[in-house]
Amino acid sequence: MKSILIKNKLQFFTFIILGTLPLFIDSYYLDNISYFMCWTFISLGLAVIWGMGGILSFGQTAFFGLAGYGFSVISINFLGVAGVSLWSVILALILTGVFGLIVGYFLFYGGIYDVFIGIVTLAITLVLETFMQQTAGPEYAIGPARLNGFNGMQGMPTIGFKDIPFGLVEGVTQYYFILILALIVLVFLYKFKHSKIGLVFLASKEDRERVSSLGHNVQRVQLIAFVIASILAGISGILYTNWGGYITPDSMGLVSAALPVVYVAASGKKDFFSVFIGCIFFVWLSQTLAINGKQFAIIVMGLILVISTRFFPDGIILMMINKLTEKIKWLRS
């Protein structure tokens, strides 16, 4: 009980520190941290289905890209319509959730489990990436919104209200918007984890046949968790698109699909807060390494994944948080 209270205080002070960062750093570094936090939602979604349910999906970037492209297409087509940059976000997330519902239905009600889920979801991601790469011609357009193939899409409006001071989700406003949204998502996920559905989902990780024999609809619970994960990936996709003002097929590529797995595994897939903090750190590390070459960053991140799974199966960040918690507990005793 004391350890839980200490962890809660650590989480509280972490968000206090993150909340005060704009007072001490300039806009360049703040913008970079906003980018790092954009990826926390797709990682949290993976932590839901993999950490809780043991379902390893390589298809989260498919939902990431679908939401980003959906937001772009809708907002560009209705550019100038009141509030388009807000309700286009909602429509894009609904589209992503429906796609996740369809994919999840065929996966779980079709009896596909274990490593085959990873194969199928990776195939979906690569198919979408390959298709979007072939859309460079002028015929590949939805209304005035051209898909632009390798070059990706741009020209979508910034989320928010441009006529209101600090109404646009950019700069400091963007930073606080993502931070507050992350806090809301974390609270929701912890409540989901301790709900009846969450407990059934946790139990299905150990023995889904036994849980099913107790009268629980395991497929439905897995489908609900999968849809939640897809929507969270979609949130990352929209925030990423809003942050950079563009979306490209590379965001759904093999490397992009593998990196969230590294972030979650190295952070500690069983704890959402660890995944949130770890994702920010590992995205920063990946981007820092990529300065010397993208392939160098990929190699190092691959080594981190191997080291984590071999020596730190519960995650490096989670292990550090647990040790810090025990140290504080010992000092206070």
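Residues numbered from 1 in each chain as written. Predicted model: local features only at pLDDT ≥ 70, side-chain atom pairs only at ≥ 80, totals over all residues. Heavy atoms only, no water.

1. Examining the nonpolar core
Counting residues in hydrophobic clusters, the biggest one holds 91 residues, and the most contacted among them are Trp39, Val48, Met153, Phe272 and Phe276. Examining the composition of this core, we find that 14 residues originate from one element, helix α9 (residues 218-244), more than from any other. Those residues in contact with methionine 153 that sit more than four places away from it in its chain are Tyr69, Ser72, Val73, Ile76, Ala145, Arg146, Leu147, Asn148, Gly245, Tyr246 and Ile247. (Core = buried A, V, L, I, M, F, W, Y, C linked by side-chain atoms within 4.5 Å. Buried < 20%, exposed > 50% of the residue type's maximum accessible area, 1.4 Å probe, protein only. Helix = DSSP H or I, 4+ residues; strand = E, 2+ residues; numbered from the N terminus. Contact = heavy atoms within 4.5 Å.)

2. What to know about helix α8 (residues 196-213)
For α8, spanning 18 residues, the distance from its first C-alpha to its last is only 16 Å, which falls clearly below the expected 26 Å at 1.5 Å a residue. At aspartate 207, α8 shows its strongest bend, of approximately 125 degrees. Of the positions making up α8, those classed as buried are Gly198, Val200, Phe201, Ser204 and Val211. Following α8 by one or two positions, glycine 215 has its phi on the positive side, about 100 degrees. (Expected span 1.5 Å × (residues − 1). Bend = angle between axes of the 7 residues up to and from the residue.)

3. Quick look at the confidence of the model for the protein chain
Predicted confidence across the protein chain gives a mean pLDDT of 90, with 99% of residues reaching 70 or more. Ranking the helices and strands of the protein chain by mean pLDDT puts helix α3 (residues 40-52) first, with 96, and helix α1 (residues 2-20) last, with 84. (pLDDT = per-residue confidence, 0-100.)

4. A short note on the packing of aromatic side chains
Scanning the entire structure with this criterion turns up 21 aromatic pairs. Between phenylalanine 12 and phenylalanine 13 the ring centres are 5.6 Å apart and the planes differ by 70 degrees, which places this aromatic pair in the edge-to-face class. Of the residues examined, phenylalanine 13 reaches a relative accessible area of 49% and is grouped as partly exposed. An angle of 85 degrees between the planes, with centres 5.6 Å apart, marks the rings of tyrosine 105 and phenylalanine 106 as edge-to-face. Feature note: the residues Tyr35, Phe36, Trp39, Phe64, Tyr240, Trp243 and Tyr246 constitute an aromatic cluster, connected by ring pairs. Its guanidinium or amino end placed over the ring of phenylalanine 311, arginine 310 lies 5.0 Å from that ring's centre, counting from NZ or CZ. (Phe/Tyr/Trp six-rings, centres within 6.5 Å; stacked < 30°, edge-to-face > 60°. Lys NZ or Arg CZ within 6 Å of the ring centre and 35° of its normal.)

5. Quick notes on the state of the cysteines
Per the counting criterion, the structure on display carries 0 disulfides. For the unlinked cysteine cysteine 279, the closest cysteine sulfur is that of cysteine 38, found at 9.9 Å. (Disulfide = S-S within 2.5 Å.)

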